[in-house]
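For reference, the chains in residue letters:
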Amino acid sequence: MKAVTMTLLAVMIATCLAVLSACQSVPSDNEEIGEMVQAVEAAIDAPEQSASLRTIVEYGTDSRYYVMIRGWLVQELKGVESQRDATRDPTLKSQFEVKAAFLQTAIRRIDLE
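Residues numbered from 1 in each chain as written. Predicted model: local features only at pLDDT ≥ 70, side-chain atom pairs only at ≥ 80, totals over all residues. Heavy atoms only, no water.

**Details of the nonpolar core**
As a reminder, the rule being used: Residues enter a nonpolar core if they are buried and are Ala, Val, Leu, Ile, Met, Phe, Trp, Tyr or Cys, with the set joined through side-chain atoms within 4.5 Å. Throughout this description, buried means an accessible area under 20% of the type-specific maximum (1.4 Å probe, protein chains only), exposed means over 50%, and partly exposed covers the range between. Under the DSSP-based scheme used, a helix requires at least four consecutive residues in state H or I and a strand at least two consecutive residues in state E, with every element numbered from the N terminus. A contact between two residues is defined here by any heavy atoms of the two lying within 4.5 Å.
Within the largest apolar cluster, 19 residues are counted, with the highest numbers of intra-cluster contacts made by V40, I44, I56, I69, L73, L103 and I110. Elements represented by at least two residues in this core include exactly α2 (29-45), α3 (50-60), α4 (66-86) and α5 (90-112). At seven residues, the largest contribution of residues to this core is made by α5. Apart from residues no more than four positions distant in its own chain, L103 is found in contact with I44, L73, E76, L77 and V80.

Next up, the structure:
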């Protein structure tokens, strides 16, 4: 009886360790969302890079993230337009116009796809 109990205990421990190991090797939803947020943030910060629009479209057309990313882009656009309208520096104004055009394009692309 003692041998059976010890065997069952050993099997249960081995099973728990296997499950724990499997859970640790699979990225969690939080990690996946964190990676998405970092990728979209980097794309928003670098509108001149060709991969930026692709990154936003890739995540923005995913139904899990569409509402969040679209809202984020709209708020970024409002901020950039406000800064553009407030500045008198022509260099900054043109930089804000480029970023605003990029954000408008990104919003249109995720809305259409």
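**Some words on α5**
As a reminder of what qualifies: Take the residue count of a helix, subtract one, and multiply by 1.5 Å to get its expected span. The term polar contact refers here to a pair of N or O atoms within 3.5 Å; inside protein, the definition further demands a hydrogen-donor-capable atom paired with an acceptor-capable atom, and it admits residues adjacent in sequence only when both atoms are side-chain atoms.
With 23 residues, α5 should reach 33 Å at 1.5 Å per residue; the first-to-last C-alpha distance of 33 Å fits that figure. Among all positions of α5, only F96, K99, A100, F102, L103, A106, I107 and I110 are buried. Buried residues belonging to α5 abut α2, α3 and α4. Among the residues of α5, the N-terminal cap falls to D89, whose side-chain oxygen and the backbone nitrogen of T91 are separated by 2.9 Å.

**Quick notes on the pattern of salt bridges**
Stated formally: Salt bridges are identified by distance alone: a Lys or Arg side-chain nitrogen within 4 Å of an Asp or Glu carboxyl oxygen.
A complete count under the given rule lists four salt bridges for this structure. One salt bridge in this structure joins E32 and R64, with 3.1 Å as the shortest N-O distance. You can see E32 sitting in helix α2 and its partner R64 sitting in the loop between α3 and α4, a full 32 residues away along the chain. Close ionic contact of R70 with D111 constitutes a salt bridge, the shortest N to O distance being 2.8 Å. Of the two residues, R70 sits in helix α4 while D111 sits in helix α5, which places them 41 residues apart along the sequence. For D111, a relative accessible area of 34% puts it in the partly exposed group. Taken together, the shared-partner salt bridges connect E32, D62 and R64 into one network.

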